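Descriptive structure summary
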Amino acid sequence: MGAVSTVILDGGMGRELQRRGAPFRQPEWSALALSEAPQAVEAVHAAYIESGANVITSNSYAVVPFHIGEARFAAEGQALAALAGELARRAVDAAGKPVRVAGSLPPLFGSYRPDLFDAARVTELLTPLVKGLSPHVDLWLAETQSSIVEARAIHAGLPKDGKPFWLSFTLKDEDTDDVPRLRSGEPVAEAAAVAAELGVETLLFNCSQPEVIGAAIDAARETFERLGVNIHIGAYANAFPPQPKEATANDGLDPLREDLDPPGYLHWAADWQQRGASHLGGCCGIGPEHIAVLAQKLA
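First things first, this report covers the structure right here in the doc. Keep in mind the model is a prediction, meaning the values are calculated, not measured.

1. A closer look at the pairing of strand β3 (residues 100-105)
Along any regular strand, the residues point their side chains to alternate faces of the sheet. Burial of β3 is extensive: five of the six residues sit out of reach of the surface. Alignment of β3 against strand β4 (residues 139-145), held across four bridges, turns out to be parallel. Residue Gly 103 lies in a different strand from β4, and its bridge partner there is Trp 140. For the crossover that starts at β3, traverses helix α6 (residues 122-133) and ends in the parallel β4, the hand is right-handed.

Now the structure itself:
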């Protein structure tokens, strides 16, 4: 794989909204500010751009029934997704920098819950997100995916619009063994092979503890080398303690790890870069101050 300049991604949205005093509660999470304080969402995007992010992600992660409820999703899902895309695009336009907008396509049935996947409902939940985001985004990012089957389903539901497809898996970070695995238990090497089959441009790992990401990057890199494909690898960890299997993403606010301050997080990101990751950012609890350090030290 040829040398690639490092792409700096943004950090988490929800915790940054909370930190700034924007409307924020469970179960709506970051979707609440979309309707109640859209200017706060745009301000967070602007802060990440100012910190040096080359790619920002639309605030559409919580625009699913799991967070906003079935009735509200049916009535407003597409409009909220469109607003999420519009706010990100507006922040980029205002900054006047060559920053790309990634359209966030979240786990459709709940974070960390591969057991809740329902193939029969994928189109119903995915289509409003894609239609709303489509005019505003430069690429598609299916993120925090816990299983191969959902990643395949989201890819199958994307429009044939020529936009790059980025895929990000969340990793098992408790009760681990020597094999890096998705939260479904499927090996990362198998997921990387499927990513290559789907033609992803960038494979990432996110919303997991930093400790498990290095081995996943190694497994992906080795798989791509074996297959002879040129796919970028990236990572954006969260600042949570280990998440147990029975955890749900909307049952309360997790504490954040004190050791993952900007210098502490940089230590991990530098290691991922050494292992071959070219796309680096942060997830829950990783803010603009972290991204600024990554941009200064690793870009």
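Moving on, there is more to tell.
2. With respect to helix α7 (residues 148-156)
The set of residues buried in α7 consists of Ile 148, Glu 150, Ala 151, Ala 153 and Ile 154. In the core, the buried residues of α7 are packed alongside β3, α6, β4, β5 (165-169) and α8 (188-198).

3. Details of the nonpolar core
Formed by 89 residues in total, the largest nonpolar core has its most connected members in Leu 203, Phe 205 and Trp 272. The dominant element in this core, judged by the number of residues it contributes, is helix α5 (residues 70-95), at eight residues. Counting 14 residues, the second largest nonpolar core, distinct from the first, contains Leu 9, Val 55, Leu 141 and Phe 240.

4. Concerning α5
Between its first and last C-alpha atoms α5 spans 36 Å; for 26 residues at 1.5 Å apiece the expected length is 38 Å, and the two agree. Along its length, α5 reaches its greatest deviation from straightness, about 65°, at Glu 76. Taken residue by residue, α5 has Phe 73, Gly 77, Leu 80, Ala 81, Ala 84, Gly 85, Leu 87, Ala 88, Ala 91 and Val 92 as its buried positions. Gly 96 occupies a position one or two residues after α5 and carries a positive phi of about 65°.

5. Comments concerning the sheet that holds strand β1 (residues 7-8)
With parallel pairing, the eight strands of this open sheet are ordered in space as β1-β8-β7-β6-β5-β4-β3-β2. This sheet does not close on itself; its edge strands, each paired only once, are β1 and β2 (55-57). For β4 and β5, the ladder comprises four bridges, and the chain directions are parallel. By the bridge assignment for β5, Gln 145 is matched with Phe 169. Taken strand by strand, helix α9 (residues 213-227) contacts β6 (202-206) and β7 (232-237), and its axis lies near 165° from that of β7.

What counts as what
- Residues numbered from 1 in each chain as written.
- Predicted model: local features only at pLDDT ≥ 70, side-chain atom pairs only at ≥ 80, totals over all residues.
- Heavy atoms only, no water.
- Buried < 20%, exposed > 50% of the residue type's maximum accessible area, 1.4 Å probe, protein only.
- Helix = DSSP H or I, 4+ residues; strand = E, 2+ residues; numbered from the N terminus.
- Pairing = 2+ DSSP bridges.
- Right-handed = clockwise from strand over helix to strand, strands pointing away.
- Contact = heavy atoms within 4.5 Å.
- Core = buried A, V, L, I, M, F, W, Y, C linked by side-chain atoms within 4.5 Å.
- Expected span 1.5 Å × (residues − 1).
- Bend = angle between axes of the 7 residues up to and from the residue.
- Axes fitted to C-alpha atoms, helices over the stretch in contact; angles between N-to-C directions.

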